[in-house]
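Commentary on secondary and tertiary structure
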Amino acid sequence: MSADHQTSSGFADQTPTGDYDAFAEAYAAENESSLLNAYYARPAILDLAGDVAGRRILDVGCGAGPIFEELRDRGAIVTGVDPSIKMLELARRRLGEDAALQQADLNDPLPFPDNAFDDAVACLVLHYLEDWSAPLAELRRVLAPGGRLIVAVNHPFNYKFFNPERDYFATHEYGLECNFNGQNVLLSQWHRPLHAITSAFIEAGFRITVVSEPPPAPGAHERFPDEVKTPDSAFLCFLFLVLEAP
Ligand SMILES: C[S@@+](CC[C@H](N)C(=O)[O-])C[C@H]1O[C@@H](n2cnc3c(N)ncnc32)[C@H](O)[C@@H]1O
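Notes on the structure in this doc start here. For clarity, every value in this text was computed on a predicted model and none was experimentally measured. (Residues numbered from 1 in each chain as written. Predicted model: local features only at pLDDT ≥ 70, side-chain atom pairs only at ≥ 80, totals over all residues. Heavy atoms only, no water.)

Enumeration according to the criterion identifies 15 aromatic pairs in this entry. On the basis of an interplanar angle of 20° and a centroid distance of 5.4 Å, the ring pair of Tyr40 and Phe238 is categorised as stacked. Residue Tyr40 is found in helix H2 (residues 35–49), and its partner Phe238 is found in strand S9 (residues 238–244); the two are separated by 198 residues along the sequence. Both residues of the pair, Tyr40 and Phe238, count as buried. Here Tyr40 and Phe240 contribute two aromatic rings whose centre-to-centre distance is 5.6 Å and whose plane-to-plane angle is 85°, an arrangement assigned as edge-to-face. One end of the pair, Tyr40, is in helix H2; the other, Phe240, is in strand S9, with 200 residues separating them in the sequence. Phe240 gets classed as buried once you look at its relative accessible area, which sits at 0%. Put simply, the rings of Tyr20, Phe23, Tyr27, Tyr128 and Phe180 pair up and form one aromatic cluster. (Phe/Tyr/Trp six-rings, centres within 6.5 Å; stacked < 30°, edge-to-face > 60°. Helix = DSSP H or I, 4+ residues; strand = E, 2+ residues; numbered from the N terminus. Buried < 20%, exposed > 50% of the residue type's maximum accessible area, 1.4 Å probe, protein only.)

Dropping the structure here:
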């Protein structure tokens, strides 16, 4: 863990972690209706995915399955993977016995054959990984030619904005203090500068077809007037990309 992080009170007894088993219920509850998930990341990912009817989609780091469910409702054939058993249990409860859910970690080879999917979605997952090269190679392998990888990842400018004293240009681990539905959680995440993000996708053989910094979804201002001051307010938090496999 980077020496950059000094925990504040309420987090001092915590070790930074990316293991969602420790706070699965609290995170899932937060994700359901939060500004950053329900009114920002999730609608933006679904918007980028567009018409998914009949498409085979891998939802990596699917968590409790909110994106899986939305894609399935739109007619996609969805498979979800996550390393957290507890998140998968919540996803199972939401999605039912028939849902294709498996335990898998992006740091390991994916348990699927080549060309198995038309799209993969990685929403708020890649910033848990130190090294993106093997995971991106795996995602490319399981995508059919022309398939899309649709990504939401921490926006690196946001990190610099809130941590002006830290080294923007170095890829490094840091502790992020979060409160999920009342539970304090110290997350371990990886900051990478913009050039490292784009280079990783290009070096993995993807073509960058969309880079997006969308506003929050309609209704965000009414629901979160303190954070979203006007109906057309936008903010920087996540960076959204669509990558095409050759
Ligand atoms: C912020 S949550 C996002 C959940 C879901 N994608 C969404 O947007 O609602 C991050 C998820 O990534 C998973 N995750 C963390 N490290 C991972 C890894 N190495 N490989 C795959 N998934 C991982 C976590 O278990 C968690 O469910």
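With 6 of 7 residues buried, S9 is to be regarded as a mostly interior element. As paired strands, strand S5 (residues 143–154) and S9 are joined by 7 bridges and run antiparallel to one another. Across the sheet, the residue bridging to Leu149 is Leu243, located in S9. Pairing analysis gives 5 bridges linking strand S8 (residues 207–212) to S9, with the strands arranged antiparallel. (Pairing = 2+ DSSP bridges.)

With respect to the element layout, Asp119 can be found in strand S4 (residues 117–123). Apart from the residues within four sequence positions on either side, Asp119 is in contact with Arg55, Arg56, Ile57, Leu58, Leu143 and Arg148. (Contact = heavy atoms within 4.5 Å.)

Any link to function would need more than the numbers given here.
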